[in-house]
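Residue strings, one per chain:
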Amino acid sequence: MLREAAFDDLNALLELYLHLHEESIPEDGEQLRSAWEQIIGDPNHHLIVNEVDGKIVSSCVCVIIPNLTRGVRAYAFIENVVTHADYRCHGYARECLDYAKSLAQKENCYKMMLLTGSKDPATLRFYGNAGYNSSDKTAFIQWL
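Keep in mind that this is a model prediction, so the values were computed, not measured.

A closer look at the state of the cysteines
- The tally for this structure, following the rule as stated, stands at 0 disulfides.
- Note on Cys 89: no disulfide assigned, nearest cysteine sulfur contributed by Cys 96 at a separation of 15 Å.

See below:
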């Protein structure tokens, strides 16, 4: 089942993020709870999840960013695309990305952007097959 995350999904998402790049679950404290409430309460921040038999197995984040250029059309940014290792290659992440695309289209976004740190050819092929390209723009990252 494809849907947006609910308030009670926090622990399941933190477990899923162990299959992304996290090595541990953050300490349950004020910082975590505050960030979660901000994410859930932001109408432009869409945390998309895909459930199988009641378990969240895949997810992505789609943030709609208001914009003053391109005819005052927003754009969408995709982040934290992840699928539980036991559920990969079944189309669950692709369904999350398709859901994000439908949100972006509904909001009249003129583009969607996605960054990945992966150099794995299969991962890059996955994003290419999902409609993303790596030739239109050059990304620069400054880690803080």
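Digging into the pairing of strand E4 (residues 75-83)
- Relative to E4, strand E3 (residues 55-65) runs antiparallel, the two sharing 7 bridges. Counterpart to Ile 64 in the pairing with E4 is Ala 76.
- Bridge analysis of E4 against strand E5 (residues 112-114) gives 3 bridges, and the strand direction is parallel. The partner of Ile 78 across the bridge, within E5, is Leu 114.
- For the handedness criterion, the β-α-β arrangement of E4, helix H3 (residues 92-106) and E5 is classed as right-handed.

Side note on the pairing of strand E2 (residues 45-52)
- Judged by how many residues are buried, E2 sits mostly within the fold: 7 of 8 residues are covered.
- In this sheet, E2 lies alongside strand E1 (residues 2-4) in antiparallel orientation, the contact comprising 3 bridges. By the bridge assignment for E2, Leu 2 is matched with Asn 50.
- Two strands pair when backbone bridges link them, and E2 and E3 are joined in this way by 8 bridges, in the antiparallel orientation. Paired with Glu 51 across the bridge in E3 is Ile 56.
- The turn joining E2 and E3, which pair antiparallel and follow one another in sequence, is formed by 2 residues; a positive phi near 50° is taken by Asp 53.

Cut-offs used in this document
Residues numbered from 1 in each chain as written. Predicted model: local features only at pLDDT ≥ 70, side-chain atom pairs only at ≥ 80, totals over all residues. Heavy atoms only, no water. Disulfide = S-S within 2.5 Å. Pairing = 2+ DSSP bridges. Helix = DSSP H or I, 4+ residues; strand = E, 2+ residues; numbered from the N terminus. Right-handed = clockwise from strand over helix to strand, strands pointing away. Buried < 20%, exposed > 50% of the residue type's maximum accessible area, 1.4 Å probe, protein only.

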